[in-house]
Amino acid sequence: MKRKIPFLLLMIAFLIVQPIIGQAAIGVVEPNIPKGNWVNPQKSHVYEITNSNETRFIYTEDWDIEVDGAVKGKMMLMRPKSNNALGLTFAHQNTLRQWAEAFNGNPDFVASRTPSEVLTNIHYPGSYNRFYSRKIAEMSGAKVLGVEGTGKYTEWGHQIGKVLIKTTPWPKPQITGASTVQKGQSATYTISGEEFNPYSESISWKFLQGSAITDKGEKASDTFNKTVKVTFDKCGDNVLKLYAKDSVEREKSTTKTVKVEGCENDGGGNTPVDPDPNKPEPVPKPPDTGEQGGAGSAKGKAFWELRRSNTNEESQVYIESRFTINGDHYATRNASHSVQFAGRTIQQVGAIQSTAPGRSVKGSNLNYTFQYEYTNWPIGWECSQSGVDEEGNSTCLSWTFNSNPDWSRAQTFRLSGSIPINHKQGETIKDNSIEGILTQKWIVGKEDNWNPNKSTKDYYEQWKKSSDSKVKSQYNLKTQTTLPITPGSLIYDVDLPSGEHLKSGFQTLKKEKSNGFFFPQDIDDSLKNDYKNRSKYSSYTYAFPLQQSVLKDKGTSGNKRIFEYGYVTDLFFMSKYTGFAVGTPYAQKVKQNFVNGTPIPSYNSLMQEGKQKLSDSFESATGEKFVDEVLYTKSANEMDRLQRYAIPVSPTSPLKPKQNYKNHIVLENMGLSDLIFEYDQSFKFEHYLFGSGTDEAWIIEQPESRIKLDHLKSDAIHTIEIKDKDKKQMYNLSYNRPKEKLHKFRVTDRDITTKIEVIVGDL
């Protein structure tokens with residue numbers, strides 16, 4: 001049987017127990033495994049531990065154990081070579097009963113029910129069974145408080161700590177009711193009890209009148225309280241006794257003595273006198289109590305769910321199988337959980353929890369069972385004094401009720417099930433539009449609940465557009481304009497069978513959050529070098545990055561946890577008069593903020609970076625001085641307008657009016673399922689933005705008609721005198737103007753006016 005041993009940080013992890021007050025400190029009994037050098041261990045000092053992720057452990061030191069405020073002993077510490085902040089503590093079998101007493105547990109139960117782990121030398125033959133401290137605690141009912149540093153360190157610089165734990169009491173039974181009754185009368189007694197095991201709410205009881213059981217039961221709670229009617233037929237002192245037991249078999253009893261009066265006596269007391277005690281008469285066997293209980297039953301659940309236990313990795317599948325006995329029986333024993341998961345079988349007394357990489361178990365099944373033995377019969381009446389009748393036959397003079405369970409009449413209850421692990425982790429979801437994707441939901445957990453019959457429930461994650469989202473999948477434009485690059489605000493909700501999603505600090509995404517690409521149909525020439533597609537999606541020419549910037553916790557609605565997703569892309573700066581465009585990295589800066597904690601630059605520094613790149617790139621591309629304004633850089637409220645796709649207006653672009661085109665969008669690392677969404681943004685435009693009349697352009701660029709000035713007074717007309725000597729300079733200036741125009745129609749030398757003024761004066 002192999003079980004997963006969870007690793008815990010030393011500052012919260014090692015559970016170690018204490019001896020009872022007055023008992024000598026519990027020492028470390030370790031005859032087989034030598035202490036080793038953590039830095040350069042010998043081969044004989046290196047061990048592996050059953051089913052742990054780490055493969056090289058060294059026994060480096062012993063840790064003090066502080067229980068209820070006093071140090072009670074030590075346990076051996078196995079520290080992994082790969083990480084000195086991790087470790088596991090173990091006890092030898094010879095100290096199990098001592099540790100059980102230190103934890104205020106039942107030594108018999110702890111010694112027989114605590115599962116062992118196997119420590120195996122990785123170089124030489126040799127395996128040893130040792131007992132993990134946390135399991136000893138669970139079997140004893142002790143409560144973990146944490147770890148406190150001692151201020152001492154090993155020779156390798158590892159801090160040595162002491163572990164703080166707190167014991168819990170044994171059950172507390174109580175009987176209340178009359179202390180004196182008359183013979184033949186009945187009296188009502190209230191029996192109650194409370195248990196304190198922090199790992200399970202379960203209490204059972206037996207109520208006896210003398211040696212006969214008059215009531216018994218078990219309840220999935222930490223308390224019970226009921227009334228029982230008792231009839232008294234025997235005079236003198238009658239003893240009522242109540243036993244209460246918790247799930248780790250800590251049993252405690254209390255008694256109440258009831259004086260029964262009203263019997264015939266010899267005048268001096270109230271105890272009957274046998275008329276002839278020398279001739280005892282045979283006593284017939286009292287009637288059998290009958291069956292005390294019903295059929296086997298259990299309640300609880302088994303489930304799997306996706307969990308993000310490490311934000312640097314894909315989700316894992318977490319499984320749990322947890323059941324309690326629900327049947328009404330005289331006695332039960334040998335309760336056992338078993339699961340088959342991730343290619344291994346796990347079997348143990350208590351609930352089972354385990355994990356495996358999500359992709360490795362995708363498409364498999366979680367198979368689980370829970371079983372226990374029960375009997376509904378006590379052993380019953382047994383002859384406690386034998387005799388011989390007048391005919392010489394053996395007879396019984398006295399009977400005693402044996403309340404112990406009759407295990408010769410035992411039965412076994414067993415429930416089992418198989419849950420498909422049918423999540424979609426890592427799959428690519430394709431659709432023509434984002435709306436088509438958002439109509440779907442993806443399974444992230446599945447549960448079988450027994451109470452006592454089985455019901456099955458699926459749990460999902462899904463997305464939808466926020467109510468204020470203006471992003472569409474189809475744009476029918478009048479002319480060439482801009483389109484949103486980001487998918488807008490998305491609302492995400494998730495539900496898990498464990499309720500883990502309702503805890504603070506719940507993680508649904510990788511550290512880098514979701515990200516992806518916007519693949520445009522065509523882009524301006526000034527952007528093509530920077531935004532050439534270098535992604536793994538090689539069928540597209542150009543790519544703009546997408547990065548999630550917002551993961552806003554919106555709280556809960558019903559059983560669902562809700563988050564808001566928001567996205568950014570790079571910032572695209574454009575000059576007002578020439579339409580020259582550049583892009584500056586913004587998506588990557590937001591991503592590095594999540595991954596490495598580097599701060600996102602301020603709005604002012606982002607704007608300055610964009611303006612400077614626009615100016616430098618313009619002058620490098622045209623050879624002309626940048627004399628222009630930069631659009632949408634005056635207010636942070638305009639940031640969204642810097643993150644839009646500008647449909648190229650150059651006549652060299654392949655995009656034509658009245659044609660349908662598709663930009664393609666990819667979003668990766670979506671949700672616990674680590675999905676990839678692929679969808680299209682469709683668009684068409686009716687007219688070119690600029691052109692001649694034959695192009696049916698939205699703006700037709702042509703020289704304005706000359707305006708006669710006859711109606712103006714001479715002092716209202718600004719006259720410029722061009723001298724003969726200036727003509728040649730103006731001709732040369734005109735002749736040398738750039739022949740290549742931006743977008744084939746925008747001049748690049750916007751300083752031509754200044755150059756003319758140098759020749760002819762103020763215009």
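Residues numbered from 1 in each chain as written. Predicted model: local features only at pLDDT ≥ 70, side-chain atom pairs only at ≥ 80, totals over all residues. Heavy atoms only, no water.

## Description of the overall build of the chain
The helix and strand inventory of the chain stands at 9 helices and 42 strands. Buried positions account for 45% of the 763 residues belonging to the chain. Accessible surface computed for the chain: about 38700 Å², of which carbon and sulfur atoms make up 46%. (Helix = DSSP H or I, 4+ residues; strand = E, 2+ residues; numbered from the N terminus. Buried < 20%, exposed > 50% of the residue type's maximum accessible area, 1.4 Å probe, protein only. Areas by Shrake-Rupley, 256 points an atom, 1.4 Å probe, with all protein chains shown as cover.)

## Structural notes on the state of the cysteines
As used here, a disulfide is simply a covalent bond connecting the sulfur atoms of two cysteines. All chains considered together, the criterion is met by 1 disulfide. One disulfide in the model links C383 with C396; its S-S distance is 2.2 Å. Every disulfide takes its handedness from the sign of the S-S torsion; for C383 and C396 that torsion is 110°, giving right-handed. Of this pair, C383 sits in strand 24 (residues 378–388) while C396 sits in strand 25 (residues 394–405), and the two are 13 residues apart along the sequence. (Disulfide = S-S within 2.5 Å.)

## Some details on the pattern of salt bridges
The tally for this structure, following the rule as stated, stands at 34 salt bridges. Two residues, E686 and K658, come together in a salt bridge whose shortest N-O distance is 4.0 Å. With E686 in strand 40 (residues 675–687) and K658 in the loop between strand 38 (644–646) and strand 39 (661–670), this residue pair connects regions lying 28 residues apart in the sequence. Classification of E686 by relative accessible area gives partly exposed; the value is 28%. A relative accessible area of 47% means that K658 is categorised as partly exposed. In the salt-bridge network here, residues are joined through shared partners; they are E305, R307, E500 and K503. (Salt bridge = Lys/Arg side-chain N within 4 Å of Asp/Glu carboxyl O.)

## Topic: the environment of F506
Considering the arrangement of structural elements, one finds F506 in the loop between strand 32 (490–494) and strand 33 (515–519). Non-local contacts of F506, meaning those with residues more than four positions away in its chain, are made with V494, L496, E500, H501, R561, F563 and L672. (Contact = heavy atoms within 4.5 Å.)

## As for the confidence of the model for the chain
The share of residues in the chain with pLDDT of 70 or more is 90%, and the mean pLDDT across the chain is 87. Confidence drops under a pLDDT of 50 for residues 1–22, and excluding neighbours within four residues, the segment shows 108 contacts in the predicted structure. Considering only residues more than four positions removed or in separate chains, one finds that residues 266–276, a stretch of pLDDT under 50, has 12 contacts. (pLDDT = per-residue confidence, 0-100.)

## Focus on a nonpolar patch on the surface
Together, I707, L709, L712 and I717 give the surface a local cluster of nonpolar side chains, amounting to about 350 Å² of exposed area. Take L709: it is sitting in the loop between strand 42 (699–700) and helix 8 (724–735). (Patch = residues over 30% accessible without salt bridge, like charges linked within 9 Å, V, L, I, M, F, W, Y side chains within 5 Å.)

## Details of the packing of aromatic side chains
Counted under the stated rule, the structure contains 35 aromatic pairs. Relative to W463, the ring of W442 lies with its centre 5.8 Å away and its plane at 65°, an arrangement referred to as edge-to-face. Within this pair, whereas W442 is found in strand 28 (residues 442–450), its partner W463 is found in strand 29 (residues 454–465), the two being separated by 21 residues in sequence. Given the relative accessible area of 5%, W442 is considered buried. Ring centres of Y645 and F683 lie 6.4 Å apart, and the angle between their planes is 75°; this geometry places the pair in the edge-to-face category. One end of the pair, Y645, is in strand 38; the other, F683, is in strand 40, with 38 residues separating them in the sequence. On the basis of relative accessibility, which here comes to 1%, the residue Y645 falls in the buried class. One aromatic cluster is present, formed by W442, W463, Y492, F506, F563, Y565, Y567 and F677 through successive ring pairs. Seen from the ring of Y243, K206 lies directly overhead, with NZ or CZ sitting 5.6 Å from the centre. Against the face of W407 rests R333, its NZ or CZ located 4.1 Å from the ring centre. (Phe/Tyr/Trp six-rings, centres within 6.5 Å; stacked < 30°, edge-to-face > 60°. Lys NZ or Arg CZ within 6 Å of the ring centre and 35° of its normal.)

## Focus on empty space enclosed by the protein
For the structure on display, the rule yields 3 cavities of 30 Å³ or more. Taken as a whole, the largest cavity holds about 80 Å³ of empty space. Residue lining of the largest cavity: I434, V471, K472, S473, I485, T486, P487, I665, Y679, D680 and Q681, and that is the complete set. Across the lining of the largest cavity, the residue classes break down as 6 nonpolar, 3 polar and 2 charged. (1 Å grid on protein atoms, 1.4 Å probe; cavity = no way out; pocket = protein on both sides within 12 Å on 5 of 7 lines; lining within 4 Å. Points joined across faces, edges and corners; volume = space filled by probe spheres on them. Nonpolar A, V, L, I, M, F, W, Y, C, P; charged D, E, K, R; others polar.)

## Notes on the sheet that holds strand 16 (residues 236–246)
Pairing within the open sheet is mixed, and its 5 strands lie in the order 11-17-16-13-14. On the outer flanks of this sheet lie strand 11 (180–182) and strand 14 (212–219), each paired with one strand and no other. Going from strand to strand, the sheet's axes swing by 25° on average, the running direction of each strand aside. (Pairing = 2+ DSSP bridges. Axes fitted to C-alpha atoms, helices over the stretch in contact; angles between N-to-C directions.)

## Description of helix 3 (residues 133–140)
Among the 8 residues of helix 3, 7 are classified as buried, and the element is accordingly described as predominantly covered. Downstream of helix 3 by one or two residues, G141 has phi in the positive range, about 80°.

## Section: the pairing of strand 12 (residues 186–194)
Look at any regular strand and the pattern is simple: side chains alternate between the two faces of the sheet. Inspection of the sheet shows strand 10 (residues 172–176) paired to strand 12 by 5 bridges, in the antiparallel sense. Residue pairing for strand 12: Q174 is matched across the bridge by S192. In the sheet, strand 12 pairs with strand 15 (residues 223–231) via 9 bridges, with the strands oriented antiparallel. When the sheet's bridge partners are listed, E194 is paired in strand 15 with T223.

## A look at the nonpolar core
Ranked by internal contacts, the top residues of the largest apolar core, which has 68 residues, are W463, Y645 and F677. Residues in contact with F677, not counting those within four places in the same chain, are I429, I437, W442, W463, I665, V666, L667 and M670. (Core = buried A, V, L, I, M, F, W, Y, C linked by side-chain atoms within 4.5 Å.)

## Here we look at unusual backbone geometry
Cis peptide bonds are those with omega within 30 degrees of zero, and the linkage from N451 to P452 qualifies with -10°. By the secondary structure assignment, P452 is in the loop between strand 28 and strand 29. One non-glycine residue with positive phi stands out, namely Y632, at about 60°. You can see Y632 is positioned in the loop between helix 7 (603–622) and strand 38. Classification of Y632 as partly exposed rests on a relative accessible area of 28%. With a phi close to 60°, K658 is a non-glycine residue in the positive phi region.

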